[in-house]
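Results of the structural survey
Given next are the chains, with one letter for each unit.
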Amino acid sequence: MYMDTSLEQMHDIDPRARSLRARAAVLLLILSDALSVVAIMAAGGYLSALNTLNQYRLPSEHAPAFWPGLLLTIGLLLSGLSYYAWARSMLKFEGRGRHLFLLLALFLMMLALAGQIWIGVTLGYARPYDAYVSLVLLFTWYAAVHLLLTVIVGLLVLGRVLHGRMADAIYLVIATAYWWYYTVAAGLVMWLFITFLR
């Protein structure tokens, strides 16, 4: 009878090798995603620069509301700082960190996700969408996907923490931190780009 031993073999992998694999996987995900963000920004900037006939952005089209976007960005930054404080405490106390910081980081990320969805739903653009509106919608919902993925990852990490299974997998704290900080940085960059794009 054939038995799948891949799970058993996973436990035989050196912890350092598991740590390197996790970090490499997250860094490759960040690299591929960052290239997508840069490509969308380059396309938007190019179309804006070619706007000689005022057809890229019509006078009736508005940018997303500034203040909700600013509040969302501040929430993202606070979430990143909270995760940083939790990660530092986890590394310092070898898996017995201050979990209040993780809960705060996750809560702020969930608020940011709800805010991003609200911004996307209330943009109020009329069809058919032109280049500027399409770019704003793309960035708005692309950022929402980032936030959703970060919330899911945060919930998985919280589950491990609550079940006491993080002490033997501290590398997950660091790997998750890479994505968490990237989400914050990408959200800030996308918000600035859309807010000041003309």
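**Some details on the overall build of the chain**
Secondary structure summary: the chain contains six helices and zero strands in total. Counting helices and strands in the order they occur from the N terminus, the chain gives α-α-α-α-α-α. For the chain, buried positions account for 42% of its 198 residues. Once local pairs closer than 6 in sequence are excluded, the contacts in the chain between residues at least 24 apart make up 79%. Here the chain has roughly 11800 Å² of accessible surface; of this, 71% comes from carbon and sulfur atoms.

**Some thoughts on the confidence of the model for the chain**
Averaged over every residue, the pLDDT of the chain is 85; residues scoring 70 or more account for 85%. Least confident of the elements in the chain is helix α1 (residues 6-12), whose mean pLDDT is 51; most confident is helix α4 (residues 99-121), at 95.

**Quick word on the packing of α4 against helix α5 (residues 131-162)**
Orientation of α4 relative to α5, taken along the N-to-C sense of each, is 155°, at an axis distance of 9 Å. When the axes of α4 and α5 are compared, the pair comes out roughly antiparallel. Crossing geometry of α4 relative to α5 is assigned as left-handed.

**Observations concerning the nonpolar core**
One finds Y83, W86 and F139 to be the most contacted residues of the largest nonpolar core, which totals 48 residues. Those elements that provide at least two residues to this core are α2 (15-49), α3 (66-92), α4, α5 and α6 (170-196). Excluding anything up to four places from it in sequence, Y83 contacts L102, A105, L172, V173, T176, A177, W180 and Y181.

**A closer look at the packing of α3 against α6**
Close contact between α3 and α6 brings their axes to 10 Å; oriented N to C, the two are set at 165°. Taken together, the axes of α3 and α6 are roughly antiparallel relative to one another. Seen along the crossing, α3 lies across α6 with a hand that is left-handed. Partitioned by chemical class, the residues of the contact of α3 with α6 number 20 nonpolar, seven polar and no charged.

**Here's the deal with the packing of aromatic side chains**
Two descriptors summarise a pair of aromatic rings, namely the distance from one centre to the other and the angle between the planes of the rings. Inspection of the entire model under this criterion finds seven aromatic pairs. Look at F66 and W191: their rings are 5.6 Å apart centre to centre, the planes differ by 40°, and that puts the pair in the tilted class. Taken together, the residues F66 in helix α3 and W191 in helix α6 connect sequence positions 125 residues apart. Their ring planes at 20° and their centres at 4.8 Å tell us that Y83 and W180 sit as a pair that is stacked. Highlighted residues: Y83 in helix α3 and W180 in helix α6, separated in sequence by 97 residues. Since its relative accessible area comes to 0%, Y83 is described here as buried. Through a chain of ring-to-ring contacts, the aromatic side chains of Y83, W86, W180 and Y181 assemble into a single cluster.

Parameters at a glance
Residues numbered from 1 in each chain as written. Predicted model: local features only at pLDDT ≥ 70, side-chain atom pairs only at ≥ 80, totals over all residues. Heavy atoms only, no water. Helix = DSSP H or I, 4+ residues; strand = E, 2+ residues; numbered from the N terminus. Buried < 20%, exposed > 50% of the residue type's maximum accessible area, 1.4 Å probe, protein only. Contact = heavy atoms within 4.5 Å. Areas by Shrake-Rupley, 256 points an atom, 1.4 Å probe, with all protein chains shown as cover. pLDDT = per-residue confidence, 0-100. Axes fitted to C-alpha atoms, helices over the stretch in contact; angles between N-to-C directions. Parallel < 35°, antiparallel > 145°, perpendicular 65-115°, else oblique. Left-handed = near helix turned anticlockwise from the far one by under 90°. Core = buried A, V, L, I, M, F, W, Y, C linked by side-chain atoms within 4.5 Å. Nonpolar A, V, L, I, M, F, W, Y, C, P; charged D, E, K, R; others polar. Phe/Tyr/Trp six-rings, centres within 6.5 Å; stacked < 30°, edge-to-face > 60°.

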